[in-house]
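# What the coordinates show
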Amino acid sequence: MSQNQLRYEKRTSDLSFRSSERNNKTTFLRCSPHLHREIELVCFFGGRAVAYADSVRCELEPGDIFIAFPNQIHYYDTLGPEQYYLFIVNPETMPELADQFNLALPHSPVIKGAANHPRIKETIEALYHACKNADTTPFGATMRQGYLLALFSELLAQMPLSRLHLGDSNALRAIVSFCTQNFTENLSLSLLEERLHLNKYYISHLFSGKLGLRFNDYINSLRVSEACRYLLNTDYSITDISEKVGFNTLRTFNRAFIKQMGIPPTEYRKNDLRNQKDVGGLQIPSSQN
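Sequence order as written defines residue numbering, which begins from 1 separately in each chain. With pLDDT at 70 or above as the cut-off, local features in this predicted model cover only qualifying residues; side-chain atom pairs require 80 or more to be listed or tallied, and sums for whole chains, interfaces and linings still use all residues. With hydrogens and water excluded, all non-hydrogen atoms of the structure serve as input to the side-chain values.

## Points about unusual backbone geometry
Applied cut-off: Secondary structure is summarised from DSSP: a helix means a run of H or I of at least four residues, a strand means a run of E of at least two, and numbering begins at the N terminus for each.
Located in the positive-phi region is Asn71, a residue other than glycine, with phi close to 65°. Among the secondary structure elements, Asn71 is positioned in the loop between strand 9 (65-68) and strand 10 (74-78). Residues other than glycine seldom take positive phi values, yet His197 does so here, at roughly 60°. Among the secondary structure elements, His197 is positioned in the loop between helix 5 (189-196) and helix 6 (200-211).

Here is the structure:
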């Protein structure tokens, strides 16, 4: 894996999903190395593919389930026609399990044959259909949340975990995990140096060399993504949201928001309200990797 290929994905949706069949076209798992603050779950039903989590290579076979934990570098190679469901989930939407995902790593990212288990298979199918129909089914969002919690509870029970520790292979993930849990605070490279016992120039090099991002731009991207959730799901004022996500001034917030989203936060909120009025219910955008 060339580090120049690695990218950090910024997402504003708490849940994205897709299948191998999308709009009557086949979509493949293949993608370049990336990481994000969400959990990525692949339920593999047919064909062959190779999945990578950090330095671990896993051949996927029908019935396997692959999970990339938050801020874990992962990617896929396609070996032929595939059948799969893919879900990308913000761990904070499942507070009961968030610590398991944010503070640990699995011994293996693959659970062999798990999708063939009748109860798990039934939950996967129910989750996928709840995601597709969440905006048209009464209590659809609540059903989706319940299926997510049930599915991940089943899967975590089958995944031995190790607590996250600092080391050459995990340094970037440890740094990013710390940032995703504390981005509303007044973060700086000096603070990370003190808390994580890593040289601040080494931390800066990891961001620029591995992710192609400046540290401040990365922190702002986390804050803007959280601000989007507040804008869509609450009636907090723009000023209150700016403070809640960690910006010192409203001007800095507006500038960072426009840089990431292309429009001011006020316009972002108005556009979403118009979209919801047109189609009704909860919006869950699908997303390619």
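So, next bit.
## Some words on the sheet that holds strand 1 (residues 7-8)
Selection rule: We call two strands paired when DSSP finds no fewer than two bridges between them.
Ordered in space as 1-5-10-7-8, the five strands form an open sheet in which the pairing is mixed. Whereas interior strands pair on both sides, the edge strands pair on one side only; in this sheet they are strand 1 and strand 8 (56-60). Pairing analysis gives five bridges linking strand 7 (residues 49-53) to strand 8, with the strands arranged antiparallel. Bridge assignment links Ala51 to a residue of strand 8, and that residue is Cys58.

## Digging into the packing of helix 4 (residues 171-182) against helix 6
Cut-off, in case you're wondering: Inter-axis angles, ranging from 0 to 180 degrees, are taken between N-to-C directions of lines fitted to C-alpha atoms, where helices are fitted over the stretch in contact. For this classification, under 35 degrees means roughly parallel, over 145 means roughly antiparallel, 65 to 115 means roughly perpendicular, and everything else is oblique. Throughout, a contact is declared for two residues whenever any of their heavy atoms are within 4.5 Å. As a working rule, the residues Ala, Val, Leu, Ile, Met, Phe, Trp, Tyr, Cys and Pro are called nonpolar, Asp, Glu, Lys and Arg charged, and the rest polar, with Gly in that last group.
Where helix 4 contacts helix 6, the axes come no closer than 11 Å and their chain directions differ by 100°. If you check the angle between helix 4 and helix 6, you find them roughly perpendicular. Of the residues in helix 6, those in contact with Ala171, Leu172, Ile175 and Cys179 of helix 4 are Tyr202, Ile203, Leu206, Phe207, Lys210 and Leu211. Of the residues contributing to the contact of helix 4 with helix 6, the split by class is nine nonpolar, no polar and one charged.

## A few points about the side chain of His34
Spelled out, the test is: Burial here depends on accessible area, computed with a 1.4 Å probe over protein chains only, as a share of the maximum for the residue type. Under 20% is buried, over 50% is exposed, and the range in between is partly exposed. Polar contacts here mean pairs of N or O atoms no more than 3.5 Å apart (in protein, one a potential hydrogen donor and the other a potential acceptor; neighbouring residues in sequence count only if both atoms are side-chain atoms).
Looking at the element boundaries, His34 is found in strand 5 (residues 31-35). What makes His34 buried here is its relative accessible area of 0%. A distance of 2.9 Å separates the side chain of His34 from the backbone oxygen of Ser32, its partner in a polar contact.

## Points about the sheet that holds strand 11 (residues 83-89)
Strands in a sheet are paired, the pairing made by backbone hydrogen bonds, and the direction either parallel or antiparallel. Spatial strand order, 2-11-6-9-13: five strands in an open sheet with antiparallel pairing. Lying at the two open borders of the sheet, with one neighbouring strand each, are strand 2 (15-19) and strand 13 (110-111). Bridge count for strand 2 against strand 11 is five bridges, and the pairing is antiparallel. Bridge assignment links Arg18 to a residue of strand 11, and that residue is Leu86.

## Describing the environment of Leu35
Structurally, Leu35 is set in strand 5. Placed 138 residues apart in sequence, Leu35 and Arg173 show a C-alpha to C-alpha distance of 9.3 Å. Residues within four places of Leu35 in sequence aside, it is in contact with Leu6, Arg7, Tyr8, Glu9, Asn71, Gln72, Ile73, His74 and Leu211.

## Details of the side chain of Ser19
Residue position: Ser19 is located in strand 2. Overall, the relative accessible area of 7% leaves Ser19 in the buried class. Within the structure, the side chain of Ser19 is placed 3.3 Å from the side chain of Tyr128, a separation counted as a polar contact. Every residue in contact with Ser19, bar those within four places of it in the chain, is listed here: Thr27, Tyr84, Tyr85 and Tyr128.

## Concerning helix 2 (residues 118-132)
To be explicit about the condition: Given a helix with a known number of residues, its expected span is that number minus one, times 1.5 Å. The directions from the helix axis to the C-beta atoms form the arc being described.
For helix 2, spanning 15 residues, the distance from its first C-alpha to its last is 21 Å, which sits close to the expected 21 Å at 1.5 Å a residue. Within helix 2 the residues assigned to the buried category are Ile120, Thr123, Ile124, Leu127, Tyr128, Ala130 and Cys131. The buried residues of helix 2 occupy one face: seen down the axis, they fall within an arc of 165°. Across helix 2 from its buried face, at more than 90 degrees, point the exposed residues Pro118 and Glu122. Against the buried residues of helix 2 lie strand 2, strand 6 (39-46), strand 9, strand 11 and helix 3 (140-156).

## Here's the deal with the nonpolar core
Which entries qualify depends on this criterion: What we call a nonpolar core is a set of buried Ala, Val, Leu, Ile, Met, Phe, Trp, Tyr and Cys residues that are connected through their side-chain atoms within 4.5 Å.
Ranked by size, the top nonpolar core spans 29 residues in total, and within it Leu41, Ile65, Ile67, Phe87, Phe101, Phe152 and Leu155 carry the most contacts. At the level of elements, strand 2, strand 6, strand 9, strand 11, helix 2 and helix 3 are the ones that each hand at least two residues to this core. Setting aside residues no more than four positions away along its own chain, Phe152 makes contact with Ile39, Leu41, Val89, Met94, Leu97 and Phe101. Ranked by size, the runner-up nonpolar core spans 24 residues in total, among them Tyr8, Ala171, Cys179 and Leu187.

## Quick notes on the pattern of salt bridges
Condition: Between Lys or Arg on one side and Asp or Glu on the other, a salt bridge is scored when a side-chain nitrogen of the former is within 4 Å of a carboxyl oxygen of the latter.
Tallied over the entire structure, the rule returns 11 salt bridges. The salt bridge partner of Arg229 is Asp14, with a shortest N-O separation of 2.4 Å. Pair noted here: Arg229 is in helix 7 (residues 215-233) and Asp14 is in the loop between strand 1 and strand 2, with a separation of 215 residues, a long-range link. By relative accessible area, which is 8% here, Arg229 ends up buried. Note on Asp14: relative accessible area 25%, which makes it partly exposed. For Glu38, the salt bridge goes to Arg229, with nearest N and O atoms at 3.9 Å. Of the two residues, Glu38 sits in the loop between strand 5 and strand 6 while Arg229 sits in helix 7, which places them 191 residues apart along the sequence. For Glu38, a relative accessible area of 1% gives the class buried.

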